[in-house]
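Remarks on the overall topology
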Amino acid sequence: MAEENTKKTAAGTQEAKAPKSKAGKKNKRIVNNGQVHIQATFNNTIISVTDKAGGVLSASSAGANGFRGSKKGTAFAAGVAAEKALEVAKKNHALNSVDVFVSGIGLGRDSAIRAISSAGIRIDSIMDVTPIAHGGVRPKGERKP
C-alpha cells in the first residue's frame, strides 16, 4: 500500500514521514595519479586538484589563503595556494603524481608549478591550455567598400 510512509494525526489528516538518512563518515578515495588545473589571472590564482575523470579532490586560491586586493595576483600568493591544495590532496587521497594544466597569463603560473614539485609530487606533464582567439567576431559598423 502507498500509506506505509504516512501516519495519521489526531485530526485525521496524513503526514509524510521524513526518510531516514545514514550519518556516517565518507570514504576517502585513494588517487595515485591526478591532474592539477591552474587558472592564473592578473587578479587571482585558482588551483584545483582533480582525479583523471575531473572530479575535484581539493581546491585553493590566493584569496582563500588570506591574500587580499592586489596581493592576490602575486607569484608568492600562487605558490601558497598551490602548497595548500596539494597538501590536502596528498594527505587525504595519497596523491603522488600529476599532470598540470595551466590556463591564463597571470604571475602565478610558474610559481604554482614550482610549488607542486617542491611538495614532493611528481609532475608527468605540463600543458598550456590558455584559450587563444583566432578569427574573432564580425566588426561593428557598416561594410567598407
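Quick caveat, the model's predicted, so the values are computed rather than measured.

Our focus in this paragraph is the overall build of the protein. Counting its secondary structure elements, the protein contains 2 helices and 7 strands. Walking the protein from its N terminus toward its C terminus, one meets helices and strands in the order β-β-β-β-β-α-β-α-β. Contacts in the protein between residues at least 24 apart in sequence constitute 58% of all its contacts with a sequence separation of at least 6. About 10300 Å² of surface is accessible on the protein, with carbon and sulfur atoms providing 54% of the total.

Bringing helix α1 (residues 75-93) into the picture now. With 19 residues, α1 should cover 27 Å at 1.5 Å per step; its first-to-last C-alpha distance of 27 Å lies within 8% of that length. For α1, every residue scored as buried is listed here: Ala77, Ala78, Gly79, Ala81, Ala82, Ala85, Leu86, Ala89 and His93. The secondary structure elements touched by the buried residues of α1 are β3 (33-40), β4 (45-50), β5 (56-61) and α2 (108-118). Looking one or two residues beyond α1, the residue adopting positive phi is Ala94, at roughly 55 degrees.

This paragraph deals with the pattern of salt bridges. Considering all chains together, one arrives at 4 salt bridges under this definition. Where Asp51 meets Arg29, a salt bridge forms, and the shortest distance between an N and an O atom there is 2.8 Å. Placement of the pair is Asp51 in the loop between β4 and β5 and Arg29 in the loop between β2 (14-16) and β3, with a sequence separation of 22 residues. Note that Asp124 and Arg122 form a salt bridge whose closest N and O atoms lie 3.1 Å from each other. On the accessibility criterion, Asp124 (40% relative accessible area) is partly exposed.

Per the counting criterion, the structure on display carries 1 aromatic pair. For the ring pair Phe67 and Phe76, a centre distance of 5.9 Å and an interplane angle of 80 degrees mean the geometry is edge-to-face. Phe67 gets classed as buried once you look at its relative accessible area, which sits at 16%. What makes Phe76 exposed here is its relative accessible area of 61%.

The next thing to look at is the pairing of strand β6 (residues 97-104). Among the 8 residues that make up β6, 7 are buried, leaving the element largely enclosed by the rest of the structure. The pairing of β3 with β6 spans 8 bridges and is parallel. Note that in β6 the partner of Ala40 across the bridge is Gly104. Two strands pair when backbone bridges link them, and β6 and strand β7 (residues 122-128) are joined in this way by 6 bridges, in the parallel orientation.

This paragraph deals with the side chain of His93. Inspection of the secondary structure puts His93 in helix α1. Within the local environment of His93, its side chain forms a polar contact with the backbone oxygen of Arg29, the two atoms lying 3.0 Å apart. Discounting chain neighbours no more than four positions away, the residues touching His93 are Arg29, Ile30, Val31, Leu57 and Val88.

Below, the discussion takes up the sheet that holds β4. Read from one edge to the other, the open sheet built from 5 strands follows the order β5-β4-β3-β6-β7, with strand pairing classed as mixed. Edge strands, defined here as strands with exactly one partner in the open sheet, are β5 and β7. Each adjacent strand pair in this sheet contributes to an overall mean axis angle of 15 degrees, direction not counted. Note: β3 against β4, 6 bridges, orientation antiparallel. Residue Gln35 lies in a different strand from β4, and its bridge partner there is Thr50. Against the sheet, α1 makes contact with β3, β4 and β5, and its axis sits at roughly 155 degrees relative to β5, the strand it touches most.

Calculation criteria
Residues numbered from 1 in each chain as written. Predicted model: local features only at pLDDT ≥ 70, side-chain atom pairs only at ≥ 80, totals over all residues. Heavy atoms only, no water. Helix = DSSP H or I, 4+ residues; strand = E, 2+ residues; numbered from the N terminus. Contact = heavy atoms within 4.5 Å. Areas by Shrake-Rupley, 256 points an atom, 1.4 Å probe, with all protein chains shown as cover. Expected span 1.5 Å × (residues − 1). Buried < 20%, exposed > 50% of the residue type's maximum accessible area, 1.4 Å probe, protein only. Salt bridge = Lys/Arg side-chain N within 4 Å of Asp/Glu carboxyl O. Phe/Tyr/Trp six-rings, centres within 6.5 Å; stacked < 30°, edge-to-face > 60°. Pairing = 2+ DSSP bridges. Polar contact = N/O pair within 3.5 Å; in protein donor to acceptor, adjacent residues only side chain to side chain. Axes fitted to C-alpha atoms, helices over the stretch in contact; angles between N-to-C directions.

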